[in-house]
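Structural characterization, general
Read off the chains here:
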Number of protein chains: 2
Amino acid sequence: MAASEGGTARRARRQRGALTHPPRSAAYRRISNPFPPIRVFSDDQVEHMHEAALGVLETIGMRVLSPEARACYRKAGAKVDESRLTVRIDRGMVEKALQTTPRMVDFVIRGSTDRLRMGGNHVAVATTGGAPHISRIDGGKRNGTLADFRDLTKLAQSFDVLHVMGPGIVEAQDVELQFRHLEIMHAQLTLTDRVPFIYSRGPDQIRDCLEMVALAHGLAHDALPQHCCCYTAINTNSPLQLDIPMAHGIMSFAEAGQMVLMTPFTLAGAMAPITIPGALTQAHAEALACFVLSQAVRPGAPGIYGCFTSNVDMRSGSPAFGTPEFAKATFGAGQLARRVGLPFRATNANASNAPDAQAVYEAQMSLWSALMGGCNLLYHGAGWLEGGLTISLEKFILDVEMLQMFAELFQPVPFSEDELALEDMATVGPGGHYFSAPHTMERYSNAFYSPLVSDWRNYGQWSEDGSRSATERANTIWKKTLAEYVSPPNDLSRVAALADFVARRKSEGGALPI
Amino acid sequence: MAASEGGTARRARRQRGALTHPPRSAAYRRISNPFPPIRVFSDDQVEHMHEAALGVLETIGMRVLSPEARACYRKAGAKVDESRLTVRIDRGMVEKALQTTPRMVDFVIRGSTDRLRMGGNHVAVATTGGAPHISRIDGGKRNGTLADFRDLTKLAQSFDVLHVMGPGIVEAQDVELQFRHLEIMHAQLTLTDRVPFIYSRGPDQIRDCLEMVALAHGLAHDALPQHCCCYTAINTNSPLQLDIPMAHGIMSFAEAGQMVLMTPFTLAGAMAPITIPGALTQAHAEALACFVLSQAVRPGAPGIYGCFTSNVDMRSGSPAFGTPEFAKATFGAGQLARRVGLPFRATNANASNAPDAQAVYEAQMSLWSALMGGCNLLYHGAGWLEGGLTISLEKFILDVEMLQMFAELFQPVPFSEDELALEDMATVGPGGHYFSAPHTMERYSNAFYSPLVSDWRNYGQWSEDGSRSATERANTIWKKTLAEYVSPPNDLSRVAALADFVARRKSEGGALPI
């Protein structure tokens, strides 16, 4: 019978037999991207959008709802119209801000001398965040709780490929609003050493959280600006509007020397023009306006240029993610970020209601465009479902598998005369096989990626074992991972100080969000 | 409340309401790839592998089981060792073959003056093929039949994004072997105008099939070499071996001026060295040897350089697909194909046993590496499951959705002053929305990709409608597509001639495969 692709696969399977080896060690704590970013626009087109965005800031400007922020913009040279709450920013102010914004953000990691870098070709990955709901295939969907938040934090700690806590992962809706920031901060600073996130929900909450970060790092509060340990995320109220908590967040974090992620969330056809160049131009203007504010507060304050431009379904108005337009916008936003020399954040999003095939193909469109578009911070990296309204435990695991595959893809291919195996090729000869060749035996234990979820057994073995789908296997994996969770090394005196702080602030009534 | 990514999405949804519009017309009949191919190797490394492959052909050579093929190689200048059945090929012969192999293959399409091009930045997509089994989620897995073959051919005809029939799609196991080629050829030449595939299963079957192709195109048999209308696929018996039917296929198709897809199927660690550079070097040598044979038969015979290099799971010996190593090998093979100036085939494969999340994320790794690796023919584009042993009807539809998304991604982004929407940005102003802006109204009906499977409704609407997964929706879609199938325009006299031919050859006893 002739050679065939299926036939060769079967032959390989038969000849191999059962060769066991230890699972490949996963070392994804630091990831660099060796690929040049994919581009959708010419340099001229990028320049055109950048110039247009500068024009938008000069002629239309941003509406800034916070009087303190408007004062700050005015002091930096903006023309402020107090009746319309708008600030107009000239290009000189933008250029000045871009000159002082760092090209690279270096995070201090608790309990480690190592740094987590964002910028250049360094890539960090954050979990999903901001979901009001949590779901699991064997328990359905419900409101998030503090216990869920803690479980998700433990899951984040369990995978090297996750480096940053997403914004709030899931809302701990069973904790009263004035105490919630204290509880989720405590979880982030004890259950994981991943970079913690702080919501910009007003000065009192931010002060509490930054105090806790300083305690966890054993730093005096006034030493914090010299150590970037945490971050907040800012979304503009597109189009061209910055609300009070967001403006305050930019100012507080810049003052504290902590990182601010500036992300206009622009849905083309809704909060931004329906075209990709139009939506990106508006988002670029909004992001630049945010950097002007942060650099006015503290030149050198760390920030990241965020992209979250997608489209709405023009039939229903529903937001869509992981679409071809989303991918193109991500590539284009990366080009704009690099034009202004800033670290770039992109997003692993999808609009599926279940952790199914749609969730995965939309996530993959997002992941490839983000990671091959040169992002330095992949946001909502693990768990996102339902346009961000739900974090799915199974999707979390499926995302970790996909992220690990990218981390492997980013490893360089070893290349040498020895790697070519020409001697073994001669020894094995035509029609032979390489299973027991010396070249194979030297390498087989860690030659290939060892998957987390994928099941490569044949159909018979797989069906005898219950015909479980990848999503069902992910359900088993998150439970096992939680059961085997190992805490990061914690300084016990700092843990005690954190507990004391939380107790005191609770007794004082906590702090409500604004 | 502060702006948030979830909040903005909800706001967009609320404000939009129900705006209906006709689905975007899908025009994916011809696809060009605007992106430069992704590379994993330096030019020096590519040159090193190419030189090493030339050395392999000179010193080890290929074992060629067919005496006619060995004679042909000898006549072209190879050193033939009849006792070991090996042919050693010097680099001059390879260079000569590469000089005469066309850089571009132009297929004649039945009933059309348009051509389907493979080469340059043109991309064509073939369905999956070669599967003994077929599966559906509401009927399980079973052996393929002629009725299945006909249904899958109708599905291929129904989507513009599929251009080529995969190799046999599914085995029509209910048809006796001596008649099978006649029946599947008849289906391909009447139910679709996609480029038909012919198995290389011996001279008698090939002669029948080429005769039918000539009849379907209204060509005299001796006019066929001037019109590339169909193709065969050749897999070497790696390592470094070419069996009798495959060698005969190359020679017959070269003689008839029809396209030959030359694909060494090399699983690193099994039929090829365990390293990517080693596996690619061996595959490159095998492919080059095949081109030497085709060009020795007929200089200028069309061919495509195929890559199907993946790895085995070193624990079980099972083949794995859509892995990080698979992606790297695909990028690298594309570099080697371009080094020798040949059109490049890559593969949409996965190793999942079900049309689930694993099937999709492995397929996406395959698709991105194939399409962004610069392939000109995407093989096994739709339907592949279980390492190619099964064609899944639901996976077929999921693949079509993913392929359409790529076809959209490959469309250029319109860019002009007008596209930037600066006037509307001023009119809408800070805090407004673009739903009813003139810029939106002019474009909303076809601004974005309109999905086949994705469900973007909110969770409430989706769950009220049965909480159906993407795979379940795909099940509905293939049934609906089959029910609405429209035949391509067929010349009735040619259809009659085909039927007569099949009846006559059946009465003569058909032709057995070799």
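Thresholds, definitions, all that
Residue positions are counted from 1 within each chain, in the order its sequence is given. Just so you know, chain letters begin at A and ligand numbers begin at 1, following the order they were written in. Two thresholds apply to this predicted model, a pLDDT of at least 70 for residue-level local features and 80 or more for giving and counting side-chain atom pairs, whereas whole-chain, interface and lining totals are computed over all residues. Just so you know, side-chain values use all the structure's heavy atoms and leave hydrogens and water out. In this scheme, a residue with accessible area under 20% of its type's maximum is buried, one over 50% is exposed, and one in between is partly exposed, where area comes from a 1.4 Å probe on protein chains only. Segments assigned H or I by DSSP are reported as helices when at least four residues long, segments assigned E as strands when at least two residues long, and all are numbered from the N terminus. Paired strands are those between which DSSP finds at least two bridges. The salt bridge criterion pairs a side-chain nitrogen of Lys or Arg with a carboxyl oxygen of Asp or Glu, the two atoms within 4 Å. Here, residues are in contact when the closest pair of their heavy atoms is within 4.5 Å. Here's the idea: put two parts together, see how much 1.4 Å probe accessible area each one loses, and the total over both is what we call buried area. Polar contact is defined as a pair of N or O atoms within 3.5 Å, subject to the rule that within protein one atom must be able to donate a hydrogen and the other to accept it, and that residues adjacent in sequence are counted only when both atoms are side-chain atoms. Residues are sorted three ways: Asp, Glu, Lys and Arg are charged, Ala, Val, Leu, Ile, Met, Phe, Trp, Tyr, Cys and Pro are nonpolar, and all the rest, Gly among them, are polar. Every axis corresponds to a line fitted to the C-alpha atoms, with the helix fit spanning only the stretch in contact, and the corresponding angles, defined between N-to-C directions, vary from 0 to 180 degrees. Comment on the angle field: the value is read as roughly parallel under 35 degrees, roughly antiparallel over 145, roughly perpendicular from 65 to 115, and oblique elsewhere. As a per-residue measure, pLDDT tells how confident the predictor is, with possible values from 0 to 100. Our working definition of a disulfide is a cysteine sulfur pair at a distance within 2.5 Å.

This part covers the pairing of strand β6 (residues 115-118) of chain A. Residues and elements named next belong to chain A. Residues Leu 116 and Met 118 line the buried face of β6, whereas the alternating positions Arg 115 and Arg 117 sit on a face that is not buried. Examined bridge by bridge, strand β5 (residues 105-108) and β6 share four bridges and lie antiparallel to one another. Bridge assignment links Asp 106 to a residue of β6, and that residue is Arg 117. Joining the antiparallel neighbours β5 and β6 is a turn of six residues, in which Gly 111 adopts a positive phi near 75°.

Attention now goes to the pattern of salt bridges. Residues and elements named next belong to chain A. What the rule picks out here adds up to 56 salt bridges over all chains. Close ionic contact of Asp 418 with Arg 443 constitutes a salt bridge, the shortest N to O distance being 3.0 Å. Of the two residues, Asp 418 sits in helix α13 (residues 417-420) while Arg 443 sits in the loop between α15 (438-441) and α16 (459-464), which places them 25 residues apart along the sequence. Given a relative accessible area of 13%, Arg 443 falls into the buried group.

A few words on the interface of chain A and chain B. Counting from both sides, the interface comprises 145 residues of chain A and, opposite them, 144 residues of chain B. Counting each side, the surface lost to burial between chain A and chain B is near 12300 Å², with a carbon and sulfur contribution of 68%. Run the count over chain A and chain B and you get zero salt bridges. Our enumeration of links across chain A and chain B arrives at 36 residue pairs in polar contact (both at pLDDT 80 or more). Residues that form the side of chain A that touches chain B fall into these classes: 74 nonpolar, 44 polar and 27 charged.

What follows covers the packing of helix α5 (residues 146-158) of chain A against helix α17 (residues 470-483) of chain A. A pair of packed helices is captured by two measures, namely the crossing angle of their axes and the spacing between those axes. All names here are of chain A. It is the contact of α5 with α17, at a shortest axis distance of 9 Å, that shows an interaxial angle of 90°. With respect to α17, the axis of α5 lies roughly perpendicular. Of the residues in α17, those in contact with Asp 151, Lys 154, Leu 155 and Ser 158 of α5 are Trp 478, Thr 481 and Leu 482. Taken together, the residues of the contact of α5 with α17 break down into three nonpolar, two polar and two charged.

A word on the sheet that holds strand β4 (residues 86-88) of chain B. Residues and elements named next belong to chain B. Spatial strand order, β3-β4-β2-β11: four strands in an open sheet with mixed pairing. Either end of the sheet is taken by a strand with one partner, and the two such strands are β3 (79-81) and β11 (241-242). Bridge count between strand β2 (residues 62-64) and β4: two bridges; the pairing is antiparallel. Of the residues in β4, the one forming a bridge with Arg 63 is Thr 86. Sitting on the sheet, helix α3 (residues 67-75) is in contact with β2, β3, β4 and β11, with an inclination near 130° to β2.

Excluding glycine, most residues fall at negative phi; most peptide bonds, likewise, are trans. Residue and element names in this part refer to chain A. Cis geometry is adopted by the peptide bond preceding Pro 239, which originates at Ser 238 and carries an omega value of 0°. With respect to the secondary-structure elements, Pro 239 resides in the loop between β10 (231-234) and β11 (241-242). Despite not being glycine, Ile 169 has its phi angle at roughly 40°, a positive value. Looking at the secondary structure, you find Ile 169 in the loop between α5 and α6 (177-190). A relative accessible area of 0% places Ile 169 in the buried class. Positive phi is not limited to glycine here, since Ser 467 has a value of about 50°. Looking at the element boundaries, Ser 467 is found in the loop between α16 and α17.

Here we take up the confidence of the model for chain A. Residue and element names in this part refer to chain A. Looking at chain A, pLDDT values average 94 and 95% of them are 70 or higher. Low pLDDT (under 50) marks residues 12-26, which in the prediction has 44 contacts with non-local residues, meaning those over four places away or in another chain. Complex prediction metrics read pTM 0.95 and ipTM 0.95.

A full pass over the atoms with the stated rule returns zero disulfides over all chains. Here Cys 228 of chain A is not cross-linked by a disulfide; its sulfur's nearest cysteine counterpart is in Cys 229 of chain A, at 6.8 Å. Relative accessible area serves as the criterion here: at 8%, Cys 228 of chain A is assigned to the buried category. The thiol sulfur of Cys 307 of chain B is not disulfide-bonded, and the nearest other cysteine sulfur, from Cys 375 of chain B, lies at 10.0 Å.

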